[in-house]
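Commentary on secondary and tertiary structure
Chain by chain, the residues run as shown.
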Amino acid sequence: GGYTTVDDIGPSSKVHALATFALGALQRETCTASNSMVCSRILKTSMSRVKLARTQVVSGINYDLLCEIPEGDLTLRIYEQAWTNTLTLTSARLNQPVGGASMAILTLGDAIDEGHELALDAKAFNKLLGHEGQAGGAK
């Protein structure tokens, strides 16, 4: 099926926690050893807010999260399969406004190289949410 918009995107929502968790893992596990332009911009950043979240049910759940960070808009794509404790960051694309009077957006690229998805610690994430030992999908 197609993507469905997630209404609960506030600071206490699952998608906000997921975006923050994925950004932290990206910074620790990918960007510390990468010299990519995206990693150089996001290495020490923090999440401001989730602007838009969409989910797609496949053999699990695909999350498409548009996040605001001080450096621009970071789009995170995450795949979750709760019953196998699978949580994977598949894409982290950074867009920045060109600035000035221009409304143009500059796409800086993806911190995740094609075919090199970042496995996230699903058990640690579920513990963070207080869902230890529970298999469950999006709220």
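These figures come from a predicted structure and were not determined experimentally.

Moving on, we get to the pattern of salt bridges. For the structure shown, the criterion picks out five salt bridges. With its nearest N and O atoms 3.1 Å apart, the salt bridge here joins E80 to K14. Taken as a pair, E80 in strand β4 (residues 72-81) and K14 in helix α1 (residues 14-30) lie far apart in primary sequence, 66 residues in all. The partner of D73 in a salt bridge is K51, with the nearest N and O atoms 3.1 Å apart. Within this pair, whereas D73 is found in strand β4, its partner K51 is found in strand β2 (residues 49-57), the two being separated by 22 residues in sequence. Residue classification places D73 among the partly exposed residues on the basis of a relative accessible area of 21%.

Moving on, we come to unusual backbone geometry. The phi angle at N85 is positive, at roughly 55°, despite the residue not being glycine. Within the element layout of this structure, N85 appears in the loop between β4 and β5 (86-99). In this structure N85 comes out as partly exposed when scored by relative accessible area, which is 36%.

Counting through the fold element by element, Q96 comes out in strand β5. In the structure, Q96 is positioned 23 residues away from D73 in sequence and 6.4 Å away in space, judged by C-alpha atoms. Among the polar contacts listed, one links the side chain of Q96 to the side chain of R41, at a separation of 2.6 Å.

The next point concerns the nonpolar core. Nonpolar side chains tend toward joint burial in soluble globular proteins. Grouped together as the largest cluster of nonpolar side chains are 36 residues, with contacts concentrated most on L26, L65, L76, I78, L89 and L120. Those elements that place two or more of their residues in this core are α1, α2 (37-42), β2, β3 (61-69), β4, β5 and α3 (122-129). The element contributing the most residues to this core is α1, with nine residues. When neighbours within four sequence positions are excluded, L120 is seen to be in contact with F21, A22, A25, I78, L87, T88 and L89.

This paragraph deals with the confidence of the model for the protein. For the protein, per-residue confidence averages 87 on the pLDDT scale, and 90% of positions sit at 70 or higher. Across residues 133-139 the pLDDT falls below 50, and counting only partners more than four positions away or on other chains, this stretch makes 11 contacts in the model.

Here we come to the packing of aromatic side chains. In total, this model carries one aromatic pair according to the counting rule given. Their ring planes at 55° and their centres at 5.2 Å tell us that F21 and F125 sit as a pair that is tilted. Of this pair, F21 sits in helix α1 while F125 sits in helix α3, and the two are 104 residues apart along the sequence. Given a relative accessible area of 17%, F21 falls into the buried group. Its guanidinium or amino end placed over the ring of Y3, R54 lies 4.4 Å from that ring's centre, counting from NZ or CZ.

Here we take up the pairing of β2. Strand direction decides the pairing type here: strand β1 (residues 4-5) and β2, joined by two bridges, are antiparallel. Within β2, the position partnered with T4 by the bridge is T55. Pairing of β2 with β3 involves eight bridges; the strand directions are antiparallel. Residue pairing for β3: L52 is matched across the bridge by L66. Where β2 hands over to β3, the hairpin turn is made up of three residues, counted between the paired strands.

Definitions and cut-offs
Residues numbered from 1 in each chain as written. Predicted model: local features only at pLDDT ≥ 70, side-chain atom pairs only at ≥ 80, totals over all residues. Heavy atoms only, no water. Salt bridge = Lys/Arg side-chain N within 4 Å of Asp/Glu carboxyl O. Helix = DSSP H or I, 4+ residues; strand = E, 2+ residues; numbered from the N terminus. Buried < 20%, exposed > 50% of the residue type's maximum accessible area, 1.4 Å probe, protein only. Polar contact = N/O pair within 3.5 Å; in protein donor to acceptor, adjacent residues only side chain to side chain. Core = buried A, V, L, I, M, F, W, Y, C linked by side-chain atoms within 4.5 Å. Contact = heavy atoms within 4.5 Å. pLDDT = per-residue confidence, 0-100. Phe/Tyr/Trp six-rings, centres within 6.5 Å; stacked < 30°, edge-to-face > 60°. Lys NZ or Arg CZ within 6 Å of the ring centre and 35° of its normal. Pairing = 2+ DSSP bridges.

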